[in-house]
Amino acid sequence: MTERKHAGVGDSKGRQEERLAVPRPERGFVEFDFPQPFGKRRRLTLLDLSAAGLRFALPSYGFSRLDVSTHLTDVIVCIGGCEIEGEVVVLHLTRESASRVLCGGRFYPATEQD
């Protein structure tokens, strides 16, 4: 389902957990309304995940109100056919190119079963 990206223990970004890349065939995505709470439903590419959170790509336009510490509710994370509901708190936004921003955040599952 996922492939090892790199060992994150003690890396330069302070990451403590290993990140696992989501392979293309799995078609992972993150879905939420933006702006919240009554905005348009957005589906964004899930890039990788760890025990503590996830990272996804978003276009550099249309998300100007998304900032570090933004709390996203009613989030669905999907990897293959598995969907997990929860919330995300944005921890970083990194401009990768003129058209794409990488967003990392802490994911909180909605229930124990998630």
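### Structural notes on the side chain of Asp33
- By the element assignment, Asp33 lies in strand β3 (residues 29-34).
- Owing to a relative accessible area of 17%, Asp33 belongs among the buried residues under this scheme.
- One polar contact links Asp33 to Arg41, side chain to side chain, over a distance of 3.2 Å.

### Some points on the confidence of the model for the chain
- When the pLDDT values of the chain are averaged, the result is 85; 83% of them are 70 or greater.
- Between residues 1-12, whose pLDDT stays under 50, and residues either more than four places distant or in other chains, the model counts 30 contacts.

### Digging into the side chain of Arg19
- Looking at where Arg19 falls in the secondary structure, it is placed in strand β2 (residues 19-21).
- For Arg19, a relative accessible area of 11% translates into the label buried.
- Within the local environment of Arg19, its side chain forms a polar contact with the side chain of Asp48, the two groups lying 3.4 Å apart.

### Thoughts on the packing of aromatic side chains
- Summed over the entire model, instances satisfying the criterion amount to three aromatic pairs.
- On the numbers, 5.9 Å between centres and 65° between planes, the contact of Phe32 with Phe56 is edge-to-face. Of this pair, Phe32 sits in strand β3 while Phe56 sits in strand β5 (residues 53-59), and the two are 24 residues apart along the sequence.
- Looking at Phe32, the relative accessible area reads 0%, which means it is buried.
- In this structure, Arg42 packs its charged tip against the face of Phe63, placed 4.8 Å from the ring centre.
- The ring of Phe29 is capped by Arg43, whose NZ or CZ atom sits 3.8 Å from the centre of that ring.

The rules behind the values
Residues numbered from 1 in each chain as written. Predicted model: local features only at pLDDT ≥ 70, side-chain atom pairs only at ≥ 80, totals over all residues. Heavy atoms only, no water. Helix = DSSP H or I, 4+ residues; strand = E, 2+ residues; numbered from the N terminus. Buried < 20%, exposed > 50% of the residue type's maximum accessible area, 1.4 Å probe, protein only. Polar contact = N/O pair within 3.5 Å; in protein donor to acceptor, adjacent residues only side chain to side chain. pLDDT = per-residue confidence, 0-100. Contact = heavy atoms within 4.5 Å. Phe/Tyr/Trp six-rings, centres within 6.5 Å; stacked < 30°, edge-to-face > 60°. Lys NZ or Arg CZ within 6 Å of the ring centre and 35° of its normal.

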